[in-house]
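Each chain, letter by letter, is given below.
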Amino acid sequence: MSGPERELLLEAFDSNWIAPLGPFVDRFERETCARIGSRAAAALSSGTAALHLALLALGVEKGDSVICSSFTFAASAYAISYIGAEPVFIDSDTESWNIDPDLLEEELHDCAIRGKLPKAAIIVDLYGQCADFDRILAICASYEIPVIEDAAEALGARYRDRNAGTLGTLSVLSFNGNKIITTSGGGMLLSDDETAIARVKKMSTQARDDAPHYQHSAVGYNYRMSNLLAAVGVGQLQSIDDRVERRRANFARYERMLGDMPGIRFMPEPSWSRSNRWLTCLTIDPLAFGASREEVRVALESENIESRPLWKPMHLQPVYQDCRMRGGRVSALLFERGLCLPSGSAMAEEDFERVERAIHRVPAVRAHK
Ligand SMILES: *Cc1c(COP(=O)(O)O)cnc(C)c1O
């Protein structure tokens, strides 16, 4: 928490608007829209719920196929499975680590020839870096496929002169505990299509029709954000610029102290991207570095420093092993060699020095074994 959240939460509490919905939900939506430049938003119980409703809003049904980045957190794909649709996974490029536009184009070309195009595409902005949206939107538009931007990790990031969260037909944010700002749990669906967002708000509140009694013409969901959590979100939103600066400073700090070590490469940032550097990510070439990613991770763990492998791609997950996949070597190698370093907004100089010393020791210790 960064300061104003406690007072805002107490204000919501004392107003007795405890139930889902209330003035803070409207305010959180309004202020998020104003911050990133979107016309409409629905605050929801999670980013996963936002993805689910995005697919439903686009009319995705059982048996349809939906494009999805393979290199992502599983929730990006789960929503496709909830509906009984089939994910079609696409590999990453080496430039941004996000979906490879060339492979996307090849896949859609082949789908068109086979006569069955996907109903939608979920494009992920991984580790706070936007995908190459100009190219992706042009490719998808030529096949009339709507794009859902999964910007769960990317609030505060930019693509050229636009903000993450405004790049898709529909865009998803997450405020889960591990994200750059948090409401402890929560998400948001954003779009310039106000009618679609109005429909999503209805779906997310049990699909109640406009009648004095309880009338329902469709199946609904209980996916709205609570007014109490929205108050926390309003407070958190005020710190987003500061957090992005601190996360970017973390990245730069790590790059200065580890960038010269052989075999270590930091997550690239293409010229069109300004990442929020949610997590500092790097890859370790075991031959050049003298130790593997896993040896580095275990060495850090033995000094009580938590680090994590990069996301395991969806096409390598047991739950999705039978799904269609285009490419796969880039994200498989990122998983094999990639590590997320401690990246909290409150990292102190001594913390960086501890991580630095621990990593510098690994190749020498291994050579002595
Ligand atoms: C966290 C995350 C989600 C899910 O958001 P929740 O709010 O945790 O449901 C979806 N996609 C990506 C890429 C994420 O990192």
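This one's a predicted model, so the numbers in the text were calculated from it and none came from an experiment. (Residues numbered from 1 in each chain as written. Predicted model: local features only at pLDDT ≥ 70, side-chain atom pairs only at ≥ 80, totals over all residues. Heavy atoms only, no water.)

Draft legend 1. View of the state of the cysteines. Within this structure, the stated rule accounts for 0 disulfides. In this structure C111 is a free cysteine whose sulfur lies 11 Å from that of C140, the closest cysteine sulfur available. Assessed through its relative accessible area of 2%, C111 is described here as buried. (Disulfide = S-S within 2.5 Å. Buried < 20%, exposed > 50% of the residue type's maximum accessible area, 1.4 Å probe, protein only.)

Draft legend 2. Region of interest: the site of the ligand. Taken together, the neighbourhood of the ligand is formed by 15 residues, with T48, D150, E153, S174 and K179 sitting nearest. In this structure, an oxygen atom belonging to the ligand sits 2.7 Å away from a side-chain N or O atom of S174. Only α3 (47-57) and α4 (75-82) provide two or more residues apiece to the shell around the ligand. For the shell around the ligand, the residue count by class is 4 nonpolar, 8 polar and 3 charged. (Near = heavy atom within 4 Å. Polar contact = N/O pair within 3.5 Å; in protein donor to acceptor, adjacent residues only side chain to side chain. Helix = DSSP H or I, 4+ residues; strand = E, 2+ residues; numbered from the N terminus. Nonpolar A, V, L, I, M, F, W, Y, C, P; charged D, E, K, R; others polar.)

Draft legend 3. Layout of the nonpolar core. Among the nonpolar cores identified, the biggest contains 60 residues, and Y127 and L155 are the most heavily contacted of them. By size, the runner-up hydrophobic cluster in this structure holds 34 residues, among which are A77, F89, Y320 and C323. (Core = buried A, V, L, I, M, F, W, Y, C linked by side-chain atoms within 4.5 Å.)

Draft legend 4. The arrangement of the sheet that holds strand β13 (residues 308-309) in detail. Spatially, the 4 strands line up as an open sheet ordered β10-β12-β15-β13, and their pairing is antiparallel. Lying at the two open borders of the sheet, with one neighbouring strand each, are β10 (264-266) and β13. Pairing geometry for strand β12 (residues 280-284) and strand β15 (residues 338-341), over 4 bridges, is antiparallel. Paired with L282 across the two strands is L339, which belongs to β15. Contacting β12, β13 and β15, helix α12 (residues 329-337) crosses the sheet at an angle of about 55° to β15. (Pairing = 2+ DSSP bridges. Contact = heavy atoms within 4.5 Å. Axes fitted to C-alpha atoms, helices over the stretch in contact; angles between N-to-C directions.)

Draft legend 5. Quick peek at the pattern of salt bridges. For the structure shown, the criterion picks out 25 salt bridges. Note that R246 is salt-bridged to D242, the shortest N-O span being 2.6 Å. Pair noted here: R246 and D242 are both in helix α9 (residues 240-258), with a separation of 4 residues, about one helical turn. Taken together, the shared-partner salt bridges connect E106, E107, D110, R324 and R326 into one network. (Salt bridge = Lys/Arg side-chain N within 4 Å of Asp/Glu carboxyl O.)

Draft legend 6. Region of the structure containing the pairing of strand β4 (residues 120-124). Counting buried residues in β4 gives 5 out of 5 residues, a clear majority hidden from the surface. Direction of pairing for strand β2 (residues 65-69) relative to β4: parallel, over a ladder of 3 bridges. Its bridge partner lying in β4, V66 is registered against A120. Here 4 bridges tie β4 to strand β5 (residues 147-150), and the two strands are oriented parallel to one another. In the strand pairing of β5, A121 is matched with V147. A crossover connection joins β4 to the parallel β5 through helix α6 (residues 133-142); in handedness this β-α-β unit is right-handed. (Right-handed = clockwise from strand over helix to strand, strands pointing away.)

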